[in-house]
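Residues per chain are reported as follows:
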Amino acid sequence: MTPASAKIPTHVAIIMDGNGRWAKQRKLPRIEGHRRGVETVRSIIDAAREHGVKYLTLYAFSVENWKRPEDEVAGLMTLLDYFLKRETKTLVKNKVRLLTIGRTEGMPETVRTRLAEAKKATAHFTGHTLILALNYGARTEIIDAARAYAKAVASGKQNPDDDSWESFSRHLYTADIPDPDLVIRTSGETRISNFLLMQSAYAEFIFTPVLWPDFSKEEFAAALANYASRERRYGLTSEQVAPAK
Ligand code: FPP
C-alpha cells in the first residue's frame, strides 16, 4: 500500500497490452491471454481503489480492434459480456461507478444491455469511477466532439468566438472526467495507439515490459511510486512549480 503522504494520481489510464504474446509464449490460443487479462482487470480495479485512485480508465477495445480475426473479436465480446455479468455485483459492493467512453452504440446489443444495467446500478457512487474505453479511438472522439460543437454553435448554445479548450472539451466523451495524471502501457510497446490523445497532454507515462496478464498489484504499486517521484511542470520551470522554501 502506498504511504498516505505519497502523491496519488487522481486518474490512471491503462493500455492493457500483451495478452496475445502471453498466450503465444505458452502455446495457447490468443483468447486465453485475453481471459487471463480479464483476471488482471479485476485485480487492478481493486488495487486502484485500495490506493485511493479516483478514476481508472481501461482501454478495452479500440475502433481498430474490429479488424482482428473474427473469432478473436467474438471472443473478446463474450469476455466483456461475462465480465460485466459477473462484476456488476462487485462494483456495487465496492461502490465503484461505471462509465464508458467511445462509440459504444457500435458494441453488440448484449454488451450494451449489460453496460446500461451496470451503469444504472452504480450511477450514484461518487468515490471511485471505472471507465471502460470501448469502440474507442481518440480521432473518432475528436470528430464526434467537433460535430457536437458545430451543432451547439448552430443552435446558439455555443458562442463561436469562444476559443477556450474548456468549452470545446465539454464535447469530448470525457466531459465530466478529469484528465489522466498517469498513463501506463504494458508489454514493452512505447506507443499511445490513439488513446486519450488530447486528455493526456500533460500526463506522465510509464511503459513497462510486463505483459498485461502478468501485471500484478505490486507492479501497479510500483507505477504509483514512480509517478509520486516525478515533478509535473505543465510548461513552467521547476522553480515555479516548487518554489524554494
Ligand atoms: C491487447 O493485447 C489487448 C486487447 C486488444 C484487449 C484488452 C482486453 C482485455 C484485457 C479483456 C477484456 C476487457 C475487460 C475490461 C473485461 P494484444 O492482444 O494486442 O496483445 P499482443 O500485442 O501481445 O498480441
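Each value, and the rule that gives it
- Residues numbered from 1 in each chain as written.
- Predicted model: local features only at pLDDT ≥ 70, side-chain atom pairs only at ≥ 80, totals over all residues.
- Heavy atoms only, no water.
- Helix = DSSP H or I, 4+ residues; strand = E, 2+ residues; numbered from the N terminus.
- Rg over C-alpha atoms; globule rule 2.2 N^0.38 Å.
- Buried < 20%, exposed > 50% of the residue type's maximum accessible area, 1.4 Å probe, protein only.
- Contact = heavy atoms within 4.5 Å.
- Areas by Shrake-Rupley, 256 points an atom, 1.4 Å probe, with all protein chains shown as cover.
- Pairing = 2+ DSSP bridges.
- Axes fitted to C-alpha atoms, helices over the stretch in contact; angles between N-to-C directions.
- Core = buried A, V, L, I, M, F, W, Y, C linked by side-chain atoms within 4.5 Å.
- Near = heavy atom within 4 Å.
- Polar contact = N/O pair within 3.5 Å; in protein donor to acceptor, adjacent residues only side chain to side chain.
- Nonpolar A, V, L, I, M, F, W, Y, C, P; charged D, E, K, R; others polar.

### Digging into the overall build of the chain
1) Next: In terms of helices and strands, the chain carries eight helices and six strands.
2) Next: Starting at the N terminus, the α and β elements of the chain follow one another as β-α-α-β-α-β-α-β-α-α-β-β-α-α.
3) Next: On C-alpha atoms alone, the chain measures out to a radius of gyration of 19 Å, which is about the 18 Å that the 2.2 N^0.38 rule sets for 245 residues.
4) Next: Each principal axis of the C-alpha atoms in the chain carries an extent, and together these give about 55 × 50 × 35 Å.
5) Next: Per-residue burial for the chain yields a buried fraction of 45% across its 245 residues.
6) Next: Across the chain, the fraction of contacts at a sequence separation of at least 24, relative to all contacts at a separation of at least 6, is 76%.
7) Next: For the chain, the exposed area adds up to about 13,000 Å²; of that, 53% sits on carbon and sulfur atoms.

### Thoughts on the sheet that holds strand E3 (residues 96-101)
1) Next: Taken in spatial order, the six strands of this open sheet run E3-E4-E2-E1-E5-E6, and their pairing is parallel. Of all the strands in the sheet, the pair left with one neighbour each is E3 and strand E6 (204-207). Ignoring strand direction, the axes of neighbouring strands in this sheet form an average angle of 20 degrees.
2) Next: Lying on the sheet, helix H2 (residues 30-51) is in contact with strand E1 (11-15), strand E2 (55-62), E3 and strand E4 (128-136); it crosses E2 at an angle near 160 degrees.
3) Next: Here helix H3 (residues 70-93) sits on the sheet and contacts E2, E3 and E4; the angle it forms with E4, its principal contact strand, is near 165 degrees.

### Observations concerning the environment of tyrosine 82
1) Next: You can see tyrosine 82 is positioned in helix H3.
2) Next: Residues tyrosine 82 and arginine 97 lie 15 residues apart in sequence; the distance between their C-alpha atoms is 18 Å.

### As for the nonpolar core
1) Next: Val12, Ile14, Leu56, Leu58, Leu130, Ile184 and Phe220 are the most contacted members of the largest nonpolar core, which totals 40 residues.
2) Next: When residues of this core are assigned to their parent elements, the largest contribution, eight residues, is made by H3.
3) Next: Core analysis: the next-biggest nonpolar cluster, separate from the first, contains 14 residues, Ile15, Ile177, Val183 and Phe195 among them.

### Looking at the site of the ligand
1) Next: The full set close to the ligand counts 17 residues, and Asp17, Gly20, Arg21, Arg30 and Arg68 are the nearest of them.
2) Next: Here glycine 18 contributes a backbone N or O atom positioned 3.3 Å from an oxygen atom of the ligand.
3) Next: Taken by itself the ligand offers 620 Å² of open surface, and the protein chains cover 92% of this.
4) Next: Of all the secondary structure elements, the ones that give two or more residues to the shell around the ligand are helix H1 (19-25), H2 and H3.
5) Next: A per-class count over the shell around the ligand returns seven nonpolar, six polar and four charged.

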